[in-house]
Structure formats: structure tokens, C-alpha cells
Amino acid sequence: MKIPFTKMHGCGNDYIYVNAMEHPIADPRACAIAWSDRHKGIGSDGLVLIDRSTVPEADYSMRIFNADGSEAMMCGNASRCIGKYLYEKSITDKTEIRLLTLSGIKTLLLHLTDYKVDSVTVDMGEPVFEDESQFIESHRMEKGTFVSMGNPHYVIFTDDVDQVGETGRILEYHPAFPQRCNIEFARIEADGSIRTRVWERGSGITEACGTGACATAVAACLSHQAGRTSDIVMDGGTLSIEWHEADNHVYMSGPAEFVFDGEIQI
């Protein structure tokens with residue numbers, strides 16, 4: 001049995017997208033592991049299934065499986081790609097799409113030029129925090145800020161953002177994070193942008209992470225290193241993040257790109 005798929009990326013954070021409304025996947029965890037292999041599979045940071053919503057408040061649903069087969073709660077880059085996928089493949093003509101995720105319903109606002117989606121703004125909802133001082137002291141961790149954007153992030157401000165591979169690998173599995181954690185290493189640049197590298201739970205170093213960019217911007221604002229609007233410069237590109245004071249929601253804007261379509265045996 002052959003399954004059609006589309007490879008897409010948001011700032012280099014690449015996933016395999018399957019229209020599960022037409023092609024349901026019985027074992028997405030196994031497929032995510034096999035298909036994400038960059039030497040023996042398609043190659044990606046994971047697998048995303050686009051399906052009908054199970055609740056009337058949303059238009060569509062998303063399930064996302066990391067390269068190791070673990071299921072993620074939410075992915076900002078993937079949600080932007082889904083907006084472009086649904087519109088440009090003529091599945092919907094809406095430019096405002098309500099997407100059901102495991103961390104709630106996210107609203108996608110599509111920005112068009114000549115009927116093509118240039119970029120997408122996602123309402124990522126409200127950030128959630130823990131008691132930082134108690135958190136660090138009790139677990140003897142390097143000072144950082146814990147921010148949940150529907151999935152857990154630990155943001156460390158440092159001049160050495162390139163420690164992402166060595167330190168991120170360790171911190172993902174730290175006892176402080178019983179469900180593991182995404183780790184961001186961030187540096188405030190002279191122009192006010194924030195250079196960020198990400199160790200993504202279940203995938204390792206990724207070119208970008210939408211929820212990670214949101215968590216970094218929020219952490220920078222909380223620590224008075226930035227205002228409520230930040231440009232987060234990641235390995236694969238830049239995401240614009242705004243933490244609205246009026247509703248306490250975080251809004252993420254950035255690109256989404258098609259790479260190629262194909263079929264794979266299952």
C-alpha cells in the first residue's frame with residue numbers, strides 16, 4: 001500500500017505531512033521512526049497527520065510524532081505548514097483556520113499574495129510557568145526559565161548557544177523533567193534580536209522550533225532583556241513573536257514552505 005505524503009518545512013524545521021482524512025495511518029509511531037530516518041527514509045524531524053476535527057469548535061486536527069516516535073503536544077512550525085497545506089491544496093478556502101491540537105485549539109491566520117500563503121500567524125495561547133527559583137534549587141540546574149507553550153521548554157540565556165548538542169542532550173532527560181523537555185539556548189544580540197538554538201524533545205537539534213521561539217521571547221520579556229515583541233533568529237530562519245498584554249496570548253508569525261510530494265510504501 002502506497003501513502004501519498006508532502007514534505008514541508010518552517011524555517012528548516014521539516015516534517016512529513018499526510019492527509020489522514022484520505023489516508024489514515026494505523027501505526028503513526030512506527031511510521032514516524034522509519035520515515036524520519038535521514039539515511040534510510042524520507043528524512044524529517046517527524047510525521048504530521050492532518051485530520052478532521054473531533055469537536056465542532058475546530059475545523060481540522062493535527063497529530064505530530066517526533067523522529068523517535070513520541071507524540072508531541074504541539075508544534076508551531078508544523079501548524080503554520082498545515083495552514084499553507086490546507087489552503088494551497090484547495091482543501092479549504094478559509095484564511096482563518098481553527099486547528100485542534102493536544103494542547104488545545106490554535107487559530108491560524110493566513111497571509112496571502114496572489115492566492116499563495118506567504119506567511120502564517122498562529123495564536124499560541126497563554127504561556128504557563130513554574131516557580132523558577134524552587135525549580136532550579138531543588139534540581140541543581142543551570143539557571144534558566146521554564147515556560148510551557150502547550151509543551152515544556154527550558155530557556156537558558158548564555159553567550160555559548162552552541163552548547164546545544166552537548167548540554168541539550170543531557171537536560172532533555174534531566175530528573176527535573178519527568179516527561180522530558182525541549183531546551184533552548186539564547187543570546188541577546190546587539191540589534192535586539194535573540195539568537196536561539198534548540199534541542200527538541202524527541203528529535204534532537206532542529207533548525208527551528210515555533211513553541212521554542214515563543215518560550216524564548218516570553219523568557220526574555222520576563223527577565224527584562226526584551227520587550228513584548230522579539231525576532232527569534234534560529235538556525236533555519238527567523239520567527240517574529242509578540243506577547244500581547246491585552247489577552248496574555250503569544251502570537252507567532254513566520255513562513256511555511258513546500259519541499260516535495262511523494263509516495264511511500266507502508
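All of these numbers come straight from a predicted model, not from anything done at the bench.

Quick word on the packing of aromatic side chains
Part 1 of the argument: Under the criterion given, the structure shown has four aromatic pairs.
Part 2 of the argument: Ring geometry for Phe5 and Phe260: centres 6.0 Å apart, planes at 80°, overall edge-to-face. Taken together, the residues span a long stretch of sequence, with Phe5 in strand E1 (residues 2-10) and Phe260 in strand E18 (residues 257-265) at a distance of 255 residues.
Part 3 of the argument: Taken together, the ring pairs in this structure connect Phe146, Tyr154 and Phe177 into an aromatic cluster.
Part 4 of the argument: The ring of Tyr85 carries Lys89 above its face, with NZ or CZ at 5.4 Å from the centroid.
Part 5 of the argument: The aromatic ring of Trp243 is capped on one face by Arg228, whose charged end is 4.5 Å from the ring centroid.

Points about the pairing of E1
Part 1 of the argument: The sheet contact formed by E1 and E18 spans eight bridges and is antiparallel. Bridge pairing links Met8 to Phe258 in E18.
Part 2 of the argument: Strand direction decides the pairing type here: E1 and strand E2 (residues 13-19), joined by five bridges, are antiparallel. Directly across from His9, in E2, lies its bridge partner Asp14.
Part 3 of the argument: Linkage of E1 to E2, two consecutive antiparallel strands, is achieved through a turn of two residues, within which Cys11 is found at a positive phi near 55°.

Concerning the nonpolar core
Part 1 of the argument: By size, the foremost hydrophobic cluster in this structure holds 52 residues, and its most contacted members are Tyr17 and Ile241.
Part 2 of the argument: Looking at this core element by element, the count peaks at eight residues for helix H5 (residues 210-222).
Part 3 of the argument: Not counting the four nearest positions on each side in its chain, Tyr17 is found in contact with Phe5, Thr6, Met8, Val48, Ile50, Asn77, Ala78, Cys81, Ile82 and Tyr85.

Notes on empty space enclosed by the protein
Part 1 of the argument: This structure, assessed with the given rule, holds one cavity of 30 Å³ or more.
Part 2 of the argument: Along its surface, the largest cavity is lined by Asn66, Ala72, Met74, Asn151, Asn182, Glu200 and Arg201.

The rules behind these values
Residues numbered from 1 in each chain as written. Predicted model: local features only at pLDDT ≥ 70, side-chain atom pairs only at ≥ 80, totals over all residues. Heavy atoms only, no water. Phe/Tyr/Trp six-rings, centres within 6.5 Å; stacked < 30°, edge-to-face > 60°. Helix = DSSP H or I, 4+ residues; strand = E, 2+ residues; numbered from the N terminus. Lys NZ or Arg CZ within 6 Å of the ring centre and 35° of its normal. Pairing = 2+ DSSP bridges. Core = buried A, V, L, I, M, F, W, Y, C linked by side-chain atoms within 4.5 Å. Buried < 20%, exposed > 50% of the residue type's maximum accessible area, 1.4 Å probe, protein only. Contact = heavy atoms within 4.5 Å. 1 Å grid on protein atoms, 1.4 Å probe; cavity = no way out; pocket = protein on both sides within 12 Å on 5 of 7 lines; lining within 4 Å. Points joined across faces, edges and corners; volume = space filled by probe spheres on them.

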